[in-house]
Amino acid sequence: MSFLLRNASTKTLASQAFRRSVAPSMASAFSGGFSSLSTMASSSFASSMMAAKPFTAPVAAKPFSPMRRTMSTMDDLKSGTSAYMDLYPTQSTDGGLRLGNIVPDFSCETTKGEMPSFHEWKKGKWAILFSHPADFTPVCTTEIGRLALKYDELVDMDCLVATLSVDPVKSHTEWLTDVVAHCENEIKVDFPIIGDADRSISTAFGMIDPGTSDEQGLPLTIRAVFIVNPENKLMLSLNYPACVGRNMDEILRCVKALQLSYEKSIATPANWPENHADIPMPDGSRSTDFKGSVFLLPTVSEEEAKERYPNYHSCDVPSKINYLRLVKQEEVS
């Protein structure tokens with residue numbers, strides 16, 4: 001196992017200036033909101049780093065298909081995505097893995113061959129690392145099948161997929177026959193399934209407790225989803241117990257929302273894209289034109305908001321603070 005962790009970067013002068021200018025109440029709101037986003041359990045990387053093995057030449061990523069979308073690129077709005085991302089540290093102070101951190105790099109064996117470097121495999125792309133507790137178990141069988149049905153759509157979004165459990169690759173390969181046979185749709189499992197038999201990757205990503213896993217009769221990883229951006233930063237994590245299967249439509253929605261935020265300096269409201277179907281307007285009428293609309297990121301300055309999205313709508317609230325700035329879906333599509 002080999003880990004390549006990036007040191008936490010210093011904040012840019014622009015983001016420092018921004019934070020000095022943010023009202024204390026807004027800064028407090030940001031802090032409370034951001035700290036509650038990550039539900040990941042912290043874990044030490046030390047035991048995994050002891051099991052390092054040398055890298056070989058990187059394996060080439062699967063070639064783009066002609067139908068693939070253009071590569072996702074970060075918005076260049078100065079007070080937008082880059083300023084927002086500066087609010088997240090790239091490395092934690094206690095060894096845990098949290099939102100905004102650079103994810104650990106690793107080498108591994110997969111059902112598609114050796115992966116000498118996770119970072120090189122996904123270089124410049126979005127990626128999902130999707131863990132399951134064990135092969136030959138009922139819920140996991142349905143999850144891999146449903147994920148396979150979404151795979152082509154994710155690839156078209158320039159998002160790679162790799163799944164993982166602590167079973168060896170040989171077990172994965174044998175189990176996939178059952179996965180394909182059980183799924184009610186005709187599927188192929190084209191993404192790699194990682195064999196993490198020594199549990200080093202699971203430990204590094206906080207999916208298993210290294211202090212107790214050896215004592216467990218069945219050392220299961222949790223059902224975890226990690227969505228990683230092109231800069232190898234953790235953008236979203238979901239943790240599920242072994243008894244509850246994940247919703248692949250929700251995972252796909254999350255990738256779409258994260259990419260839209262990254263590319264357009266926006267934030268998606270609750271229940272997006274089914275949000276704001278009927279809202280009040282300043283003249284007392286109601287409008288259905290804002291269904292599926294998005295908010296400008298709180299970091300976006302008024303000057304840049306008016307320049308980039310001159311038609312944005314401010315929702316009227318009792319506080320009279322202009323923070324609910326809606327942009328219609330067609331303006332960010």
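Residues numbered from 1 in each chain as written. Predicted model: local features only at pLDDT ≥ 70, side-chain atom pairs only at ≥ 80, totals over all residues. Heavy atoms only, no water.

S.K.: Outline the packing of aromatic side chains, supporting the account with residue identities and numerical values.
M.R.: Any two aromatic rings considered together are summarised by their centre-to-centre distance and by the angle between their planes. Scanning the entire structure with this criterion turns up 7 aromatic pairs. Where phenylalanine 205 meets phenylalanine 226, the ring centres are 5.2 Å apart and the plane angle is 65°; that geometry is what we call edge-to-face. Of the two residues, phenylalanine 205 sits in the loop between helix H8 (200-204) and strand E6 (223-228) while phenylalanine 226 sits in strand E6, which places them 21 residues apart along the sequence. Overall, the relative accessible area of 1% leaves phenylalanine 205 in the buried class. The class for phenylalanine 226 is buried, based on a relative accessible area of 1%. Each residue in the set Phe106, Phe118, Trp121, Phe205 and Phe226 is aromatic and connected to the rest through ring pairs, giving one cluster. Across the ring face of phenylalanine 130, the terminal group of arginine 246 is positioned such that the distance to the ring centre comes to 3.7 Å. The residue whose ring lies beneath lysine 328 is phenylalanine 290, and the NZ or CZ to ring-centre distance is 5.1 Å. (Phe/Tyr/Trp six-rings, centres within 6.5 Å; stacked < 30°, edge-to-face > 60°. Helix = DSSP H or I, 4+ residues; strand = E, 2+ residues; numbered from the N terminus. Buried < 20%, exposed > 50% of the residue type's maximum accessible area, 1.4 Å probe, protein only. Lys NZ or Arg CZ within 6 Å of the ring centre and 35° of its normal.)

S.K.: Describe helix H7 (residues 169-182), naming the residues involved and giving the relevant values.
M.R.: Between the first and last C-alpha of H7 there are 20 Å, a value that for 14 residues agrees with the 20 Å anticipated at 1.5 Å per step. Along H7, the positions that sit buried rather than exposed are Ser171, His172, Trp175, Leu176 and Val179. (Expected span 1.5 Å × (residues − 1).)

S.K.: How would you explain unusual backbone geometry if you had to name every residue and give the values?
M.R.: The peptide bond linking tryptophan 272 to proline 273 adopts the cis configuration, its omega dihedral lying at 10°. Mapping proline 273 onto the fold places it in the loop between strand E8 (266-267) and strand E9 (279-280). Of note in this structure, asparagine 271 is not a glycine but carries a positive phi near 65°. Along the chain, asparagine 271 falls in the loop between E8 and E9. Judged by relative accessible area, which is 63%, asparagine 271 ranks as exposed. The backbone of lysine 320 sits at a positive phi, close to 65°, despite the residue not being glycine. By the element assignment, lysine 320 lies in the loop between strand E12 (313-314) and strand E13 (325-327). Of the residues examined, lysine 320 reaches a relative accessible area of 62% and is grouped as exposed.

S.K.: Any details on the packing of helix H6 (residues 138-156) against helix H9 (residues 248-264)? Residues and values, ideally.
M.R.: At a minimum axis separation of 10 Å, H6 and H9 run at an interaxial angle of 30°. In terms of their interaxial angle, H6 and H9 are classed as roughly parallel. As H6 packs across H9, the resulting crossing turns out to be right-handed. Here Glu143, Arg146, Leu147, Lys150, Glu153 and Leu154 of H6 lie close against H9, whose contacting residues are Met248, Asp249, Leu252, Val255 and Lys256. (Axes fitted to C-alpha atoms, helices over the stretch in contact; angles between N-to-C directions. Parallel < 35°, antiparallel > 145°, perpendicular 65-115°, else oblique. Left-handed = near helix turned anticlockwise from the far one by under 90°. Contact = heavy atoms within 4.5 Å.)

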